[in-house]
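Reading the structure
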Amino acid sequence: MKVCVIGGGAAGMMCATMIARKGHVVHLYEKNEKLGKKIYITGKGRCNVTNATVGDEFLKNVVNGKKFVMGAITRFNSNDTMKFFEDLQVPLKIERGNRVFPVSDKSSDIIKGLEKAMHWAGVEVHLNSCVQKIITQENAITGILLDGKQIDFDAVVVATGGVSYPSTGSTGDGYKFAESVGHTVVSQVPSLCAVILSNPNQKLEGLSLKNVQLVSKVGDKVVYKSEIGEMLFTSNGISGPLVLSTSAFINRIDFSKLNMFIDFKPALSIDSLLARIDRDIVALKAKQVSSLLEGFLPKSICADFAKRLKINLTMKANQLNKENRKNLAYLLKNYELKPQKLESFDAAVVTSGGVNLKEINPKFMRSKLVSGLYFIGEVLDIDALTGGFNLQLAFSTAVTCASDFKDLKGA
């Protein structure tokens with residue numbers, strides 16, 4: 001068969017390699033001047049290539065499309081990904097949270113490994129090549145339109161990514177291709193991104209918090225409670241690991257109805273905090289409230305706490321009455337933030353939304369509407385949390401797609 005792969009990112013390069021290894025003629029078209037531009041910036045340039053968890057533990061980190069990708073990650077899991085790169089002489093290492101990186105800490109090594117794999121498999125790579133249209137006849141693939149000319153193909157794999165980090169070439173081309181042949185596309189929203197607050201406190205910019213929990217609510221209903229971890233204040237909002245994960249669960253909620261709360265002491269109940277506050281006040285004797293607050297909080301946020309509690313930092317700690325102490329305990333567990341919106345696609349790690357999964361056969365990533373058409377990676381309505389899970393979904397869906405092609409070399 002003659003196969004076209006559109007998109008030279010993680011999913012596209014992996015899929016092209018696997019199909020070509022079976023003896024098919026594979027052409028990969030990338031509109032950028034080089035391959036893997038988004039891979040290059042992942043993991044802050046280090047490339048968190050996968051996460052060394054498998055099975056149910058992996059699925060816990062999939063936000064959208066959990067059931068859809070179950071078969072794909074079983075077919076080709078993180079262990080398989082690690083072996084793939086190590087066989088290409090790209091040594092890997094496992095860090096905190098089972099995050100997997102190249103030993104070199106260079107994302108370029110992952111890209112070079114994928115380029116090498118394609119070269120050895122015989123994939124023909126076309127750079128600076130922007131596919132204009134997928135051509136079909138009677139609901140079957142016949143080819144593509146490139147530079148105004150039709151090029152015939154037996155199958156087309158769309159691996160164009162989403163719309164996050166558009167500077168890397170992710171500009172939603174795959175959604176247009178899908179809709180042009182009759183597929184429906186779930187609207188896209190940013191995911192794994194910072195949150196912009198409606199009234200950010202500029203004095204807190206740069207403040208990093210550890211061992212806290214972030215809770216998101218609509219009214220009294222908790223819509224997402226993060227794990228205990230780290231976050232930070234930015235010039236216009238909040239970011240960091242807890243915030244990025246939270247964004248994946250709140251990105252389709254009406255922010256006018258959403259409130260967020262920081263729990264500074266998630267391991268303690270309000271009653272436990274009250275008891276500790278009482279003990280600390282006794283121990284501090286005649287020292288100021290500032291000393292009491294600094295026993296619970298970073299110094300830079302104490303002034304804001306005092307303002308919210310309507311107390312003076314210079315007053316004596318033992319002057320705090322019962323109501324003051326109760327309010328302090330409550331605020332330590334419920335420091336409210338008012339979100340305005342998510343950061344834009346320009347800074348979102350992944351796109352939530354994409355080609356409707358109901359129209360795709362998960363066993364092979366094959367279109368149910370058009371014969372010979374496949375969708376893989378971020379162009380699908382699948383996304384996961386940070387930590388290498390999204391790249392693994394790209395690799396898993398790519399290999400699953402390739403499994404639908406007959407092994408001509410083994411025949």
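Residues numbered from 1 in each chain as written. Predicted model: local features only at pLDDT ≥ 70, side-chain atom pairs only at ≥ 80, totals over all residues. Heavy atoms only, no water.

Check the secondary structure of the protein chain and you find 13 helices and 25 strands. Seen along its three principal axes, the alpha-carbon backbone of the protein chain occupies a region of about 85 × 40 × 35 Å. Classification of the 411 residues of the protein chain by burial places 53% in the buried group. Counted over contacts in the protein chain with a minimum sequence separation of 6, partners at least 24 positions apart contribute 73%. Summing over all exposed atoms, the protein chain offers an accessible surface of approximately 18400 Å²; the carbon and sulfur share of this is 50%. Here the protein chain contributes 52 positive and 39 negative side-chain charges, whose respective centroids are spaced 6 Å apart. (Helix = DSSP H or I, 4+ residues; strand = E, 2+ residues; numbered from the N terminus. Buried < 20%, exposed > 50% of the residue type's maximum accessible area, 1.4 Å probe, protein only. Contact = heavy atoms within 4.5 Å. Areas by Shrake-Rupley, 256 points an atom, 1.4 Å probe, with all protein chains shown as cover. Lys, Arg positive; Asp, Glu negative; His and termini not counted. Charge placed at Lys NZ, Arg CZ, Asp CG, Glu CD.)

Turning to the layout of surface pockets, a few remarks are in order. Computed from the structure, the second largest pocket encloses a volume of approximately 370 Å³. Taken together, 18 residues line the second largest pocket, and the ones lying closest to its centre are N199, N201, D304, R308 and Y335. Among the secondary structure elements, those contributing two or more residues to the lining of the second largest pocket are α11 (299-309) and β19 (335-337). For the lining of the second largest pocket, a count of residues per class yields seven nonpolar, five polar and six charged. (1 Å grid on protein atoms, 1.4 Å probe; cavity = no way out; pocket = protein on both sides within 12 Å on 5 of 7 lines; lining within 4 Å. Points joined across faces, edges and corners; volume = space filled by probe spheres on them. Nonpolar A, V, L, I, M, F, W, Y, C, P; charged D, E, K, R; others polar.)

The next point concerns the packing of aromatic side chains. According to the stated counting rule, one finds nine aromatic pairs in the structure shown. Taking the centre distance of 5.8 Å and the plane angle of 65 degrees together, the rings of F85 and F395 count as edge-to-face. In this pair, F85 sits in helix α5 (residues 78-87) while F395 sits in helix α13 (residues 389-402), placing the two residues 310 residues apart along the sequence. With 5.6 Å between their ring centres and 85 degrees between their planes, F264 and Y335 make a pair best called edge-to-face. Within this pair, whereas F264 is found in the loop between β18 (258-263) and α9 (270-284), its partner Y335 is found in strand β19, the two being separated by 71 residues in sequence. Ring-pair connections join several aromatic residues into one group, and the members of that group are F84, F85 and F395. Stacked on the ring of Y335, the Lys or Arg R308 has its end atom at 3.9 Å from the ring centre. (Phe/Tyr/Trp six-rings, centres within 6.5 Å; stacked < 30°, edge-to-face > 60°. Lys NZ or Arg CZ within 6 Å of the ring centre and 35° of its normal.)

Bringing the pattern of salt bridges into the picture now. Applying the stated criterion across every chain yields a total of 14 salt bridges. Ionic pairing is found between K31 and D173, a salt bridge with its closest N-O pair at 2.9 Å. With K31 in the loop between β2 (25-29) and α2 (37-41) and D173 in helix α7 (residues 173-180), the pair connects residues that are 142 residues apart, well separated along the chain. According to the relative accessible area criterion, D173 is buried, its value standing at 17%. Close ionic contact of R276 with D280 constitutes a salt bridge, the shortest N to O distance being 3.6 Å. Of this pair, R276 and D280 are both found in helix α9, four residues apart, which corresponds to roughly one turn of the helix. Note on R276: relative accessible area 24%, which makes it partly exposed. Residue classification places D280 among the partly exposed residues on the basis of a relative accessible area of 21%. (Salt bridge = Lys/Arg side-chain N within 4 Å of Asp/Glu carboxyl O.)

Turning next to unusual backbone geometry. Positive phi, normally seen in glycine, also occurs at D105, with a value near 60 degrees. By the element assignment, D105 lies in the loop between β6 (99-102) and α6 (107-121). One non-glycine residue, L192, lies in the positive phi region at around 55 degrees. Within the secondary structure, L192 sits in the loop between β12 (185-191) and β13 (195-197). The exposure class assigned to L192 is buried, which follows from its relative accessible area of 1%.

Of note, K333 is situated in helix α12 (residues 322-333). Accessibility expressed as a relative area gives 15% for K333, which makes it buried. Within the local environment of K333, its side chain forms a polar contact with the backbone oxygen of L268, the two atoms lying 2.6 Å apart. (Polar contact = N/O pair within 3.5 Å; in protein donor to acceptor, adjacent residues only side chain to side chain.)

Moving on: the sheet that holds strand β10 (residues 149-152). Spatially, the three strands line up as an open sheet ordered β8-β9-β10, and their pairing is antiparallel. In the strand order of this sheet, the two ends are held by β8 (131-136) and β10, each with one partner. Averaged over all neighbouring strand pairs, the angle between strand axes comes to 30 degrees, with direction disregarded. For β8 and strand β9 (residues 141-146), the ladder comprises five bridges, and the chain directions are antiparallel. Following the sheet pairing, T136 is matched in β9 by I141. (Pairing = 2+ DSSP bridges. Axes fitted to C-alpha atoms, helices over the stretch in contact; angles between N-to-C directions.)

Where helix α4 (residues 66-75) meets α13, the axes come as close as 8 Å, and the angle between the chain directions of the two elements is 85 degrees. With respect to each other, α4 and α13 are oriented roughly perpendicular. Along its contact with α4, which presents V69, A72, I73 and R75, the element α13 presents L393, S396, T397, V399 and T400. Its residues assigned to classes, the contact of α4 with α13 shows five nonpolar, three polar and one charged. (Parallel < 35°, antiparallel > 145°, perpendicular 65-115°, else oblique.)

No statement about biological role is implied by the geometric values presented.
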